[in-house]
Amino acid sequence: MDKKTKGSWLIHHTNKLQGVTNQIGYEKTFLAGKAGILLSAISSNNQVTVNNDRLTVLAKAANINTTFELPKLIEVLQQQQLIDTAGGGIAVLGVTTAKTLQHTSDIFDALAPGSAEVATIALAELASLEPVLAGHVAIELADSYQLGKAEIGQLMSDAEQIGFVDAEKLSPGETLLFKATLIKYRHWSNFGQPR
């Protein structure tokens, strides 16, 4: 999977995680996604330097808590050398809006996520390409990412409950996983018309 696609999934997952009260197990996904969201907001500002007042406005508009989240996000973006703090604001270091998804992917990788977090990205991508049976994809992910039975069980449960993927129960013990909007988009973009 390319960095742009991975970055897109990180933003998607972060948006889903914002809807739950507990992000345990997905902290690095959430942090990378939030950093990407902030980076997108400040890089689309068309200014090299963003003063603190404007930064606060952009962060609030991006649903970023300015007291708790913003300082950590600024630290993460500085570590990746994407921004620098300047007197009374931050300087964006050659970041374009188009590159923010790739930077989001790089931030995630730099945070050294565990196998389960990486597997949720792969699961979402697989389910967006075509509907997959949960049992089959669970075996594939467990093998590919060296996940134990409990880990893969938790991942599959979380993916459904949080909304990383859409799910449809076919029968007891058999669930179909998919991402309806992305499947439709992919078919439309590949063939020129919606399916």
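Per chain, the residues get numbers from 1 upward, laid out in the order the sequence is written. The predicted nature of this model means local features are confined to residues of pLDDT at least 70 and side-chain atom pairs, given and counted, to a pLDDT of 80 or more, with totals for whole chains, interfaces and linings taken over all residues. The basis for every side-chain value is the complete set of non-hydrogen atoms in the structure, without hydrogens or water.

A. Representation of the environment of Glu 69 in the model. Each helix is a run of DSSP H or I of at least 4 residues and each strand a run of E of at least 2, with the numbering of both proceeding from the N terminus. Checked against the element boundaries, Glu 69 lands in helix H4 (residues 69-79). When accessible area is computed with a 1.4 Å probe and restricted to protein chains, residues below 20% of their type maximum are described as buried, those above 50% as exposed, and intermediate ones as partly exposed. Residue classification places Glu 69 among the partly exposed positions, given a relative accessible area of 22%. Residues Glu 69 and Ala 35, 34 residues apart in the sequence, show an inter-C-alpha distance of 9.3 Å. Ignoring any residue separated from it by four or fewer positions in sequence, one finds Glu 69 in contact with Phe 30, Lys 34, Asn 63 and Ile 64. It only takes one pair of heavy atoms within 4.5 Å for two residues to be counted as in contact.

B. The arrangement of the sheet that holds strand E6 (residues 174-178) in detail. For two strands to pair, DSSP has to find at least two bridges joining them. The three strands are arranged E4-E6-E5 in an open sheet whose pairing can be described as antiparallel. Each end of this open sheet is capped by a strand with a single partner; those strands are strand E4 (132-133) and strand E5 (166-171). Looking at chain direction, E5 and E6 are connected through five bridges and run antiparallel. When the bridges of E6 are listed, Glu 168 appears paired with Leu 176.

C. The sheet that holds strand E3 (residues 89-92), seen in detail. With respect to topology, three strands assemble into an open sheet ordered E1-E3-E2, the strand pairing being antiparallel. Looking along the sheet, the strands with just one partner apiece sit at the ends: strand E1 (49-51) and strand E2 (83-86). Averaged over neighbouring strand pairs, the angle between their axes works out to 25° when direction is ignored. Whenever a helix is involved, its axis is fitted only over the stretch in contact; in every case the axis is a line through C-alpha atoms, and angles between N-to-C directions fall within 0 to 180 degrees. Contacting E1 and E3, helix H3 (residues 52-61) runs over the sheet at an angle of about 85° to E1.

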